[in-house]
Amino acid sequence: MAQWCQLQMLDCKYLEQVDQLYDDSFPMDIRQYLSRWIESIDWDTVAIQDSLATVRFHDLLAQLDDQHSRFALENNFLLQHNIRKIKRNLQDRFQEDPVHMAMIISRNLKEEQKILTSAKSAEQEGEGMVSTMVVEKQKLDNKVKELKDRAQVADQNIKNLEDLQDEYDFQVNTLKNRENEMNGMTPKELEREKLLVDRMCLELKGKRQDVVMQLSDLLNVTQALLSDLISEELPEWKQRQQIACIGGPPNACVDQLQNWFTAVAESLQQVRQHLKKLQELEQKFTYDSDPITQKKGFLEARALDLLKNLLSNSLVVERQPCMPTHPQRPLVLKTGVQFTVKLRFLVKLLEFNYQLKVKAVFDKDVTEKKGFRKFNILGTNTKVMNMEESNGSLAAEFRHLQLKEQKVAGNRTNEGPLIVTEELHSLCFESELQLNQSGLNIKLEAMSLPVVVISNVCQLPSGWASILWYNMLTTEPKNLKFFLSPPQAKWCQLSEVLSWQFSSVTKRGLNQEQLNMLADKLLGAKAQRNPEGLIPWTKFCKQQSANEKAFPFWLWIEGILDLIKRHLLSLWNDGSIMGFISKEREKALLNDKCPGTFLLRFSESSREGAITFTWIEHDVHDKPIFHSVEPYTKKELGAVSLPDIIRTYKVMAAENIPENPLRFLYPNILKDKAFGKYYPKPSETSEPMDVENTEKTGYMKTELISVSEVHPSRLQDNMMPMSPDDYKALEQYVSPRDIDAVTNNLLGFAAEFDDQMSADFEEQN
């Protein structure tokens, strides 16, 4: 089976990794449309031969033209437009550098193979490549279909029973009338008619018995399906919602859950209607041991009990509490700031529209806890549920709720067992539903996941850490004392959640190399990145040392996330940033690379998040020397972008001409090819010292550049320019003009030599 076809059969967590491989530079559309052709080419070979790369580039454009023609035959205008746009973008990006395109395809194919290998190994451990969720969904769909089919058959049989009873009543009355007539039937005819009526009566009794048994069987099937929904599907949906809340795959199955709940409710309502019809038939005709008389009360009570059970579990929190200002940090609420929360009633029946009034209650049934804060809900805390126009679901959304802390005597900080960001609170939603047909009132309740309430936005990172830890390790929504004794997390759990923090706000999660570095940081090198290795809560989110320079692991990660979102998003998405890598691993990767090869990593010493680059040089004895620049923080990156810093970066030693030592982004990508697309366009910038255009502003334009000053002995080239005294001595024998001419020739030769070296290196790689 083709590699691309195998990938599409994987579970969603693997498809998420595939999605991260493709972006606008090489969109997934090409991989989809040209999958067979792409997999038939040896892209490793193409990536090291310029001429072959050019041929394959034009082959790919021809393949896109063929695909465009197929869409034209199908009159699919939108896909024709998309293909034309993709082709133009490819020509703009890779026309002059087809090798770069070949390298991207080669890398993506290898990454796809790694994902497949990972999925297959997981399959051997019992996970399976095909999503179990899809299989379970199909099973439930089949059960719902069976339920509907049974209900339809029961409905038809009751109609047949009613017709038969009407005919029986007619025959009995006809027989009585003819018996009373003066010129009635002969005894033989009368006997025959009575025999016919008796036979019809037996058939009627048999039909009644069958219908009652069918309704009983229908309730059995309904009960089994209801049990699956309430004890399995609903908790699993809530667990998937927990995962989605902390950055995992989105949970989009609530509509399917609603369809199942509604189908069961409709079936139960049908059964109750059938029982009413049977009661009407019983009133017209009954007899000893009538199954309707014997079973009616039991079936009615059972149907009502099942319906009550279904409805009492149908109110759910569709969208957890969240401040609109921080949509990717749900369940962390700040006092005085509005938050939203949305509820849905999973039984979508028209008779319930505008019948449910929901009230929000904070910390309901929470026992008095000494030192814990108390809050009041401000804003409209009651809503009537109505059917939405978009999808017809029965929902209510609270959009203007706020929390205000109750003022209490005493110093809470000294008394409370937990810090503010470890205090968990609950938001409960209450309602009552009255069934008109039975006069029964059903109490409904839904509980949000635990929330953390902060009073200052600086507490948000620590509050979010508590939300991550809780939802990673428990599914119990009412365990508000969780952080009095928080359990440890396995590395296999935490690594996935950490990757989600990046993939949920960018297009790329953490790869295995990056996770390895974080594992060593949390578990220590001796643990050898054991998936079962345990990380305590204090190690994740508490300061481990009295040293003021030390800071919690999570706050370091949070600072890097914020740095990426603000200043490095494109570079992170296209894979330019290696990011999480130890200094030892960094040196190992760069050790055998060409001088001037560099990589980008995050600083481990900056709490606020910072990025640095390290490059390799060789001394006169060809020994590798590694240089790392002082990390750039949000302050520096707010003034100059990282691509511009890399473009203009200079190293300077005393009396030397400043030079840019950065040539190749690891492993071997020319610097300008890696970052050129992020450089300012020529029209946007002018020469740093443009003395000709000062009329408009009166100022000469400037440009910010980064310069590192180092000792001359650390430079790759140890040949220093001559001193002023030497220059004066030389000037006695050679004219200044001749000195300048020789110097310019040498500089020109050096530049040509450097260009030739770069070209030779690129051809070799």
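Cut-off values and rules
Residues numbered from 1 in each chain as written. Predicted model: local features only at pLDDT ≥ 70, side-chain atom pairs only at ≥ 80, totals over all residues. Heavy atoms only, no water. Pairing = 2+ DSSP bridges. Helix = DSSP H or I, 4+ residues; strand = E, 2+ residues; numbered from the N terminus. Contact = heavy atoms within 4.5 Å. Axes fitted to C-alpha atoms, helices over the stretch in contact; angles between N-to-C directions. Salt bridge = Lys/Arg side-chain N within 4 Å of Asp/Glu carboxyl O. Buried < 20%, exposed > 50% of the residue type's maximum accessible area, 1.4 Å probe, protein only. Phe/Tyr/Trp six-rings, centres within 6.5 Å; stacked < 30°, edge-to-face > 60°. Core = buried A, V, L, I, M, F, W, Y, C linked by side-chain atoms within 4.5 Å. Expected span 1.5 Å × (residues − 1). Parallel < 35°, antiparallel > 145°, perpendicular 65-115°, else oblique. Left-handed = near helix turned anticlockwise from the far one by under 90°. Disulfide = S-S within 2.5 Å.

Visitor: Looking at this structure, I do not really get the sheet that holds strand 16 (residues 624-628). What am I missing?
Guide: Hydrogen bonds between backbone atoms are what pair the strands of a sheet, whose relative direction is either parallel or antiparallel. Here we have five strands laid out as an open sheet, ordered 16-15-14-18-19, and mixed in their pairing. Each having just a single partner strand, strand 16 and strand 19 (669-670) make up the two edges of the open sheet. Each of strand 14 (597-602), strand 15 (611-618) and strand 16 is contacted by helix 19 (residues 583-590), which is oriented at about 160 degrees to strand 14, the strand it contacts most.

Visitor: So what exactly am I meant to see when it comes to the sheet that holds strand 4 (residues 357-362) here?
Guide: The strand order 6-4-9-10 describes an open sheet built from four strands, whose pairing is antiparallel. Either end of the sheet is taken by a strand with one partner, and the two such strands are strand 6 (382-384) and strand 10 (440-447). Strand-to-strand twist of the sheet, defined as the mean angle between neighbouring strand axes without regard to direction, takes the value 25 degrees. Across four bridges, strand 4 lies against strand 9 (residues 427-435) in antiparallel orientation. In the sheet register, Phe362 faces strand 9, and the bridge partner there is Leu427. Sitting on the sheet, helix 12 (residues 291-312) is in contact with strand 9 and strand 10, with an inclination near 30 degrees to strand 10.

Visitor: For this particular structure, what's the right way to read the pattern of salt bridges?
Guide: A side chain of one charge can pair with a side chain of the opposite charge if their charged atoms are brought near each other. What the rule picks out here adds up to 35 salt bridges. The shortest N-O distance in the salt bridge between Glu112 and Arg31 comes to 2.7 Å. On the criterion of sequence distance, the pair formed by Glu112 in helix 8 (residues 98-124) and Arg31 in helix 3 (residues 28-33) is long-range, its members being 81 residues apart. For the residue pair Glu112 and Arg31, the accessibility class agrees, reading buried in each case. Salt-bridge contacts for Glu397 lead to Arg399; the nearest nitrogen and oxygen are separated by 3.4 Å. One connected set of salt bridges, linked through shared partners, spans Asp255, Glu318, Lys342, Arg344 and Glu388.

Visitor: Whenever I open this one, the pairing of strand 3 (residues 339-345) confuses me. Can you help?
Guide: For a regular strand, side-chain orientation follows a simple rule: the groups alternate between the two sheet faces. Most of strand 3 sits inside the fold, with seven of its seven residues counted as buried. Pairing between strand 3 and strand 8 (residues 394-405): six bridges, direction antiparallel. Bridge assignment links Val341 to a residue of strand 8, and that residue is Phe398.

Visitor: Please explain unusual backbone geometry as it appears in this structure.
Guide: What is expected of a backbone is that most residues other than glycine have negative phi and most peptide bonds are trans. That bond from Tyr666 to Pro667 is cis: its omega, 5 degrees, falls within 30 degrees of zero. Residue placement: Pro667 occurs in the loop between strand 18 (664-665) and strand 19. The backbone of Ser289 sits at a positive phi, close to 60 degrees, despite the residue not being glycine. Turning to its location among the elements, Ser289 is positioned in the loop between helix 11 (254-284) and helix 12.

Visitor: In this structure, what is going on with the packing of aromatic side chains? I would like to understand it.
Guide: Here a ring pair, both rings aromatic, is described through the centre-centre distance and the interplanar angle of the planes. Enumeration over the complete set of coordinates arrives at 28 aromatic pairs. Taking 5.4 Å as the distance between ring centres and 55 degrees as the angle between the ring planes, the aromatic pair formed by Trp469 and Trp537 counts as tilted. Residue Trp469 is found in helix 14 (residues 460-473), and its partner Trp537 is found in helix 17 (residues 537-541); the two are separated by 68 residues along the sequence. Taking relative accessible area as the criterion, Trp469 reaches 0% and is therefore assigned buried. Here Trp537 falls in the buried class, since its relative accessible area comes to 4%. Relative to Phe482, the ring of Tyr470 has its centre 4.9 Å away and its plane inclined at 70 degrees; by these criteria the two rings are edge-to-face. Here Tyr470, found in helix 14, pairs with Phe482, found in the loop between helix 14 and strand 12 (489-490); they are 12 residues apart in sequence, far enough to count as distant. For Phe482, a relative accessible area of 5% puts it in the buried group.

Visitor: Explain the environment of Asp23 here, please?
Guide: Relative to the assigned elements, Asp23 resides in the loop between helix 2 (12-19) and helix 3. Residue Asp23 is classed as buried on the basis of its relative accessible area, which comes to 18%. Each C-alpha atom of the pair Asp23 and Asp574 lies 7.4 Å from the other, and the pair is 551 residues apart in sequence. Not counting residues within four places of it along the chain, the set of residues in contact with Asp23 comprises Asn573 and Asp574.

Visitor: Is there a simple way to think about the side chain of Gln501 in this case?
Guide: If you trace the backbone, Gln501 turns up in helix 15 (residues 491-503). Gln501 sits in the buried class, given a relative accessible area of 1%.

Visitor: So what exactly am I meant to see when it comes to the nonpolar core here?
Guide: A general trend in soluble globular proteins is that nonpolar side chains are found buried together. Counting 157 residues, the largest nonpolar core has Phe345, Trp554, Phe580 and Phe613 as the members making the most contacts within it. It is helix 10 (residues 187-245) that provides the largest number of residues to this core, a total of 17 residues. Look past the residues within four positions of Phe345 in its chain and what remains in contact with it is Gln258, Leu311, Ser314, Leu315, Phe352, Leu356, Met385, Leu394, Leu433 and Leu444. Counting residues in each nonpolar core, the second largest holds 35 residues, with Phe26, Trp43, Phe57 and Ala119 among its members.

Visitor: It is not clear to me how helix 6 (residues 50-73) should be interpreted in this structure. Could you clarify?
Guide: It helps to recall that an α-helix has 3.6 residues per turn; residues three or four apart then point in one direction. Between its terminal C-alpha atoms helix 6 stretches 35 Å, which fits the 34 Å expected from 24 residues at 1.5 Å a residue. For helix 6, every residue scored as buried is listed here: Ala53, Phe57, Leu60, Leu61, Leu64, Gln67 and Phe71. Immediately beyond the C-terminal end of helix 6, within one or two residues, lies Asn75, with a positive phi of roughly 55 degrees.

Visitor: Sorry, what's going on with the environment of Leu7 here?
Guide: Tracing the backbone through its elements, the reader meets Leu7 in helix 1 (residues 3-8). Residue classification places Leu7 among the buried residues on the basis of a relative accessible area of 1%.

Visitor: Which parts of the structure should I look at to understand the packing of helix 14 against helix 18 (residues 553-573)?
Guide: Each pair of packed helices can be described by the angle between their axes along with the distance between the axes. Axis separation between helix 14 and helix 18 bottoms out at 10 Å; the angle between their running directions is 110 degrees. Relative to helix 18, the element helix 14 is oriented roughly perpendicular. The handedness of the crossing between helix 14 and helix 18 comes out as right-handed. Counting all contacts with helix 14, which are made through Pro461, Ser462, Trp464, Ala465 and Leu468, the residues of helix 18 involved are Trp554, Leu555 and Glu558.

Visitor: Looking at this structure, I do not really get the state of the cysteines. What am I missing?
Guide: Working definition: the covalent bond between the sulfur atoms of two cysteines is a disulfide. The full count for this structure, using the stated rule, is zero disulfides. In this structure Cys245 is not part of a disulfide, and its nearest cysteine sulfur, from Cys322, lies 8.5 Å away. Under the relative-accessibility criterion, Cys245 is labelled buried at 13%.

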